Amino acid sequence: MASLQGRHALVTGGGRGIGRSIAAALMQAGAAVTVLGRGEKALADAVGQGCASGYVIADVTDAHAVNNGVQKAMIARGPVDLLIANAGGAESAPFLKTAPDQFRSLFELNVMGVVHATRAVLDGMRERRTGRIVAVASTAGLKGYGYVSAYCAAKHAVVGLVRSLAVETAASGVTVNAVCPGYTDTELVQESLAKISAKTGRSREDALGSLLKDSPLGRLVKPQEVAAAVLYLCSPEASAVTGTTLVVAGGEI
Ligand code: NDP
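From a predicted model like this one, the values you see are computed outputs, not experimental measurements.

Conventions used here
- Residues numbered from 1 in each chain as written.
- Predicted model: local features only at pLDDT ≥ 70, side-chain atom pairs only at ≥ 80, totals over all residues.
- Heavy atoms only, no water.
- Helix = DSSP H or I, 4+ residues; strand = E, 2+ residues; numbered from the N terminus.
- Rg over C-alpha atoms; globule rule 2.2 N^0.38 Å.
- Buried < 20%, exposed > 50% of the residue type's maximum accessible area, 1.4 Å probe, protein only.
- Contact = heavy atoms within 4.5 Å.
- Pairing = 2+ DSSP bridges.
- Right-handed = clockwise from strand over helix to strand, strands pointing away.
- Axes fitted to C-alpha atoms, helices over the stretch in contact; angles between N-to-C directions.
- Left-handed = near helix turned anticlockwise from the far one by under 90°.
- Nonpolar A, V, L, I, M, F, W, Y, C, P; charged D, E, K, R; others polar.
- Polar contact = N/O pair within 3.5 Å; in protein donor to acceptor, adjacent residues only side chain to side chain.
- Near = heavy atom within 4 Å.
- Areas by Shrake-Rupley, 256 points an atom, 1.4 Å probe, with all protein chains shown as cover.
- Domains from an automatic or database assignment.
- Salt bridge = Lys/Arg side-chain N within 4 Å of Asp/Glu carboxyl O.

Undergrad: Hey, could you go over the overall build of the protein for me, with residue numbers and the actual values?
TA: In terms of regular secondary structure, the protein is built from eight helices and seven strands. Taking 2.2 N^0.38 as the reference for a compact globule, 253 residues should give roughly 18 Å; the C-alpha atoms of the protein span a radius of gyration of 17 Å, in line with that estimate. Reported as C-alpha extents along the three principal axes, the dimensions of the protein are approximately 55 × 40 × 35 Å. Put simply, the protein has 253 residues, and 48% of those count as buried. Across the protein, contacts joining residues at least 24 apart in sequence account for 69% of those joining residues at least 6 apart.

Undergrad: Which residues make up the environment of Ala 194, and what values go with them?
TA: Structurally, Ala 194 can be placed in helix α6 (residues 187-200). Along the chain, Ala 194 and Tyr 147 lie 47 residues apart, while their C-alpha atoms are 16 Å from each other.

Undergrad: Describe the pairing of strand β2 (residues 32-37), and please don't skip the residues or the numbers.
TA: Counting buried residues in β2 gives five out of six residues, a clear majority hidden from the surface. Inspection of the sheet shows strand β1 (residues 8-12) paired to β2 by five bridges, in the parallel sense. Each residue of the ladder has a partner; that of Ala 9, found in β2, is Val 33. Taken together, β1, helix α1 (residues 17-28) and β2 constitute a β-α-β crossover, and its handedness is right-handed. Pairing of β2 with strand β3 (residues 54-57) involves four bridges; the strand directions are parallel. Bridge pairing in β3 links Val 35 to Tyr 55. Following the chain from β2 across helix α2 (residues 40-48) to the adjacent parallel β3, one finds a crossover that is right-handed.

Undergrad: Now, about the packing of α6 against helix α7 (residues 204-211): what can you tell me, with residues and values included?
TA: Between α6 and α7, the shortest axis-to-axis distance is 9 Å and the interhelical angle comes to 115°. Crossing geometry of α6 relative to α7 is assigned as right-handed. In contact with Val 189, Gln 190, Leu 193, Ile 196 and Ser 197 of α6, α7 contributes Arg 204, Ala 207, Leu 208 and Leu 211. Class assignment for the residues of the contact of α6 with α7 results in six nonpolar, two polar and one charged.

Undergrad: Outline the side chain of Thr 139, listing residues and values.
TA: Among the structural elements, Thr 139 can be located in the loop between β5 (131-136) and α5 (149-169). Polar side-chain contacts of Thr 139 include one of 2.7 Å to the side chain of Tyr 145.

Undergrad: Mind laying out the site of the ligand, listing which residues take part and the relevant values?
TA: Neighbouring residues of the ligand: 28 residues in total, closest Arg 38, Asn 86, Tyr 151, Thr 184 and Thr 186. Contact between the ligand and Asp 59: a nitrogen atom at 2.9 Å from a side-chain N or O atom of the residue. Between the ligand and Thr 184 there is a distance of 2.7 Å, counted from an oxygen atom to a backbone nitrogen or oxygen. Against a free-state accessible area of 870 Å², the protein chains account for coverage of 94% of the ligand. At three residues, the largest contribution of residues to the shell around the ligand is made by α6. Here the shell around the ligand is composed, by residue class, of 12 nonpolar, 11 polar and five charged. Counting contributing residues, the shell around the ligand receives three or more from each of domain 1 (8-184 + 223-240) and domain 2 (185-220).

Undergrad: Break down the domain arrangement of the protein for me, with residues and values.
TA: Interface size is commonly expressed as the accessible surface area that is lost when the partners come together. Domain annotation of the protein identifies domain 1 (8-184 + 223-240) and domain 2 (185-220). The straight-line distance from the C-alpha centre of domain 1 to that of domain 2 is 25 Å. Counting from both sides, the interface comprises 10 residues of domain 1 and, opposite them, nine residues of domain 2. One can count three salt bridges joining domain 1 with domain 2. Close ionic contact of Asp 214 with Lys 143 constitutes a salt bridge, the shortest N to O distance being 3.6 Å. Between domain 1 and domain 2 we count three residue pairs in polar contact (both at pLDDT 80 or more) in total. Counted by class, the side of domain 1 that touches domain 2 contains four nonpolar, three polar and three charged residues.

Structure follows, in structure tokens:
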């Protein structure tokens, strides 16, 4: 499939994990891809491995840095047609052990990160009357999980933002959607498994079993499976799909 020829995609958090798989899938579909993140090593490696055309360094919680990064990407590869707001992160703790500042920092990363990236590209998309915005939310944006209240609250906010923005932009040629992966095999989940094992003394297999207890599929989602969903939402065929949450979670929702 090479239906994205001539398009420029910006993938936040595209240096590793789900973001890198999304970047690679967009490249394969013919798009020019800029990956954005904090760590230069992973970003440069993504470019070196052919998963992206170029990179810009920015922290998505810093609106000014995101704007500068987007400007640099546009000078190098033209206006951004496709924004994949993927950068995010989780922390787990019981609600009463989650300090207000932890809520704030997860909101800054998962919600304001999407807001800053969207603000940097939306005007241009509207002017050109074409654009795709895909936020990588989570099943945690659609249902509650214990011990991750701040993450769940933030991802629910991302889904609300997407639904609202879709209504505002529907008549302007721009679509806004979310993909909602279940537990996906990346560093984020591997770190959670290591933490559960360290805290409870249970084996990694036991810890994985507890994460997957609600998944009929019975395995972690592959990053490439999330990327395929994003690719669909970016395709010309999906031009009437907006405000949706595409769940990639093996029947969990
Ligand atoms: P990883 O931890 O593997 O990768 C996260 C990426 O985001 C990295 O490229 C990281 O790069 C970047 N990032 C983190 N913080 C910032 C920041 N402040 N500014 C810019 N970039 C940042 O996570 P995943 O690939 O697993 O997760 C990607 C997205 O998918 C997240 O939004 C996550 O919530 C969501 N998700 C993940 C699931 C899973 O089970 N793995 C399930 C459902 C949703 P760097 O640190 O260099 O900046």
